[in-house]
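The residues making up each chain are set out below.
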Amino acid sequence: MNKQFFDVAIIGGGPAGLAAALSARKAGAKQVVILERDVELGGILQQCIHNGFGLHRFQEELTGPGYAGRFVRMVRADTGITVYTEAMVLEVAKDKTIWAVSPTLGLIQLSARAVIFAMGCRERTRGAIRIPGYRPAGVFTAGAAQRMVNMEGFLPGKNIVILGSGDIGLIMARRMTLEGAKVQAVVELMPFSNGLTRNVVQCLEDFAIPLHLSHTITFVHGRERVTGVSVAAVDANRCIVPGSEFYLPCDCLLLSVGLIPENELSRAMDICLDGLTNGPVVDQYRQTCVSGFFAAGNVVHVHDLVDFVSEEGDIAGRSAALFANGELPLEKQYINVKAETGIRTVVPQRISLPTAAGEKVRLFMRAQEPLTRSTLTITTTAGKLVERKLPVAKPGEMIVADISTEKISPDSQEIIVTLLPQSLGGA
Ligand SMILES: Cc1cc2nc3c(=O)[nH]c(=O)nc-3n(C[C@H](O)[C@H](O)[C@H](O)COP(=O)(O)OP(=O)(O)OC[C@H]3O[C@@H](n4cnc5c(N)ncnc54)[C@H](O)[C@@H]3O)c2cc1C
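In this text, all values refer to a predicted model and were calculated from it rather than measured experimentally. (Residues numbered from 1 in each chain as written. Predicted model: local features only at pLDDT ≥ 70, side-chain atom pairs only at ≥ 80, totals over all residues. Heavy atoms only, no water.)

(A) Main features of the site of the ligand. Taken together, 34 residues are adjacent to the ligand, and A16, E36, I44, H50 and N298 come closest. Between the ligand and V89 there is a distance of 3.0 Å, counted from a nitrogen atom to a backbone nitrogen or oxygen. For the ligand, the protein covers 94% of the area, taking 980 Å² as the surface of the free molecule. Contributions of two or more residues to the shell around the ligand are made by α1 (15–26), β6 (88–92), α4 (142–152), α5 (167–178) and α8 (306–324). (Near = heavy atom within 4 Å. Polar contact = N/O pair within 3.5 Å; in protein donor to acceptor, adjacent residues only side chain to side chain. Areas by Shrake-Rupley, 256 points an atom, 1.4 Å probe, with all protein chains shown as cover. Helix = DSSP H or I, 4+ residues; strand = E, 2+ residues; numbered from the N terminus.)

(B) Local environment of the side chain of H215. The residue H215 is located in strand β14 (residues 215–221) in this model. Contacts of H215, omitting those with residues within four sequence positions, involve V187, E188, L189, V231, A232, A233, V234 and F246. (Contact = heavy atoms within 4.5 Å.)

(C) Layout of helix α6 (residues 197–204). Those residues of α6 not exposed but buried are N199, V200, C203 and L204. Buried positions in α6, seen along its axis, are confined to an arc of 105° and lie on one side of it. At its buried positions, α6 is contacted by α5, β12 (182–187) and β13 (211–212). (Buried < 20%, exposed > 50% of the residue type's maximum accessible area, 1.4 Å probe, protein only. Arc of directions from axis to C-beta.)

(D) How the structure looks around the packing of α1 against α8. Interaxial distance between α1 and α8 falls to 7 Å at its minimum, and their mutual angle equals 40°. In terms of orientation, α1 and α8 fall into the oblique class. Seen along the crossing, α1 lies across α8 with a hand that is right-handed. Residues P15, A16, A19, A20, S23 and A24 of α1 lie in contact with α8, whose contacting residues are V306, V309, S310, G313, D314, G317, R318 and A321. Taken together, the residues that form the contact of α1 with α8 break down as eight nonpolar, four polar and two charged. (Axes fitted to C-alpha atoms, helices over the stretch in contact; angles between N-to-C directions. Parallel < 35°, antiparallel > 145°, perpendicular 65-115°, else oblique. Left-handed = near helix turned anticlockwise from the far one by under 90°. Nonpolar A, V, L, I, M, F, W, Y, C, P; charged D, E, K, R; others polar.)

(E) How the structure looks around the sheet that holds β14. If you trace the three strands from one edge of the open sheet to the other, you get β14-β15-β16, paired in antiparallel fashion. Of all strands in the sheet, those bounded by a partner on one side alone are β14 and β16 (246–249). Each strand axis lies, on average, 30° off the axis of its neighbour in the sheet, ignoring direction. Both β14 and strand β15 (residues 228–233) contribute to a ladder of six bridges, which runs antiparallel. Paired with V220 across the two strands is V229, which belongs to β15. (Pairing = 2+ DSSP bridges.)

(F) Seen up close, the state of the cysteines. Within the structure shown, the criterion is met by one disulfide. Note on cysteine connectivity: C272 is disulfide-linked to C289, with sulfurs 2.4 Å apart. When the S-S torsion is 105°, as for the bridge of C272 with C289, the disulfide is right-handed. Here C272, found in the loop between α7 (264–268) and β19 (293–295), pairs with C289, found in the loop between α7 and β19; they are 17 residues apart in sequence, far enough to count as distant. C289 sits in the partly exposed class, given a relative accessible area of 26%. Summary of cysteine pairing: C250 is not part of a disulfide, and the nearest cysteine sulfur, belonging to C252, is at 7.4 Å. (Disulfide = S-S within 2.5 Å.)

(G) Fine view of the environment of T218. In this fold, T218 is placed in strand β14. The spatial distance from the C-alpha of T218 to the C-alpha of S230 is 5.4 Å, given a sequence separation of twelve residues. T218 has contacts with P132, S230, V231, A232, I240 and E245, leaving out every residue within four places of it along the chain. For T218, the side chain forms a polar contact with the side chain of E245, separated by 2.4 Å.

(H) How the structure looks around unusual backbone geometry. The amide bond that connects V347 to the next residue, P348, takes the cis arrangement and shows omega of 0°. Among the structural elements, P348 can be located in the loop between β21 (343–347) and β22 (350–353). Following L353, the chain continues to P354 via a peptide bond in cis, the omega torsion being 5°. Along the polypeptide, P354 turns up in the loop between β22 and β23 (360–367). The backbone phi angle of Q59 is positive, close to 50°, even though this residue is not glycine.

(I) Examining the packing of aromatic side chains more closely. Scanning the entire structure with this criterion turns up seven aromatic pairs. Centroid distance F308 to F364: 5.3 Å. Interplanar angle 65°. Geometry classified as edge-to-face. Of the two residues, F308 sits in helix α8 while F364 sits in strand β23, which places them 56 residues apart along the sequence. As far as the burial class goes, F308 and F364 line up, both buried. Members of the aromatic cluster, connected to one another through ring pairs, are F58, Y67 and F71. The cationic tip of R70 hangs over the ring face of F58; the distance from NZ or CZ to the ring centre is 4.8 Å. Directly above the aromatic system of Y334 lies the positively charged group of R350, at a separation of 3.6 Å from the ring centroid. (Phe/Tyr/Trp six-rings, centres within 6.5 Å; stacked < 30°, edge-to-face > 60°. Lys NZ or Arg CZ within 6 Å of the ring centre and 35° of its normal.)

(J) Structural view of the sheet that holds strand β25 (residues 383–393). Strand order in the open sheet formed by five strands is β22-β20-β27-β24-β25, with mixed pairing between adjacent strands. Two strands in the sheet have a free side with no partner beyond their single neighbour: β22 and β25. Across the sheet, the mean angle separating the axes of adjacent strands is 15° when strand polarity is ignored. Pairing geometry for strand β20 (residues 333–339) and β22, over four bridges, is antiparallel. Across the sheet, I335 pairs through a bridge with I351, a residue of β22.

Written out as structure tokens, the structure is:
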């Protein structure tokens, strides 16, 4: 058994973990380790071979592997960063001892001064949404199908129905079409798509693939292999509209019905989780409620743009390095950031005081429902921090706003974020 000591240990070698490692080194961490369970670094980006990554970070349109490759090369070139691939972390203790298993090294045990969780997220499956019907072959999550097509060279089917219009579902509709399959339809429970507008246009409309909003799948047919699905309309309460059912023949059903941040390790350590993001509650340094444990990327909240994942990795890496060197300001008090009317989630969920002079904090928010012509307002007891008009706000597209911490004092009880239609009093 190996036992080693590091300044910063990072669990997960996706874009969040890679950015965190580089940023930790830049901020003064001498020895950093990345533990990644997959055979290579890069996380889920390795299977995302379409372009559109890196517009913010590099002002270029890269593929997923292209974007990840830029970070992987820098990590591999840095002798202060140790990388263990095929190393699955099984347990983390509050004293920052980490246990992982690897097929080549056996049990790995290491200790760190600071730990960053960057484990990403996984997909919800058929079991999680309980679609009635038989249990034939041919039902996959969209991400599993993406891996099969893009990395393993298999087509999961030729006649496809997709349930869920999040980004992965939309991208797979285009991918399967380009591979010669017929995509019958994308079926979405909500009255709006949960994906980026650009993906609705480029992946569905450009290929004339029907999108059935406010519809769901009520039955999966076929005993050995999927032969079709029953689809029905739903009302405003998401109840089936009687008589609206129709049948779509298919040999493959892809599910893109949500992502779940991978927080088994966080939960086992009693790290406080946010019931809406399903990720750890973090402050502006991405420090969790357990001192010296940080988190970044999809494990905190599901992102739509990888550029923001890297940005969060930068913050967590820098903060962890400062913590390891005893330079991170010790929090004396927290001010909670609360999502109210019109906003579903906000990260970070709290600001720790004191803040540095001139410090700015970037808030990442998701709208509750689509709104045109709305006003985003961020207030404290001392007054408005931000008021911004948004021509369009959609749950599928992260809203980002920077707040200056100058107006946040120990007396500010909380920071409230709202998104109101301009017709209802939003300025
Ligand atoms: C299936 C899927 C497809 C996606 N497709 C797209 C897309 O096409 N376009 C797009 O913009 N975004 C896509 N995304 C969003 C994408 O996840 C993010 O943009 C970004 O990759 C998240 O980065 P991350 O580092 O937080 O997580 P990830 O990229 O998921 O990386 C997390 C890493 O942690 C590792 N890990 C987890 N647990 C452990 C453990 N216990 N021990 C060791 N290692 C561990 C995982 O193996 C993984 O490599 C997709 C997401 C999913 C889940």
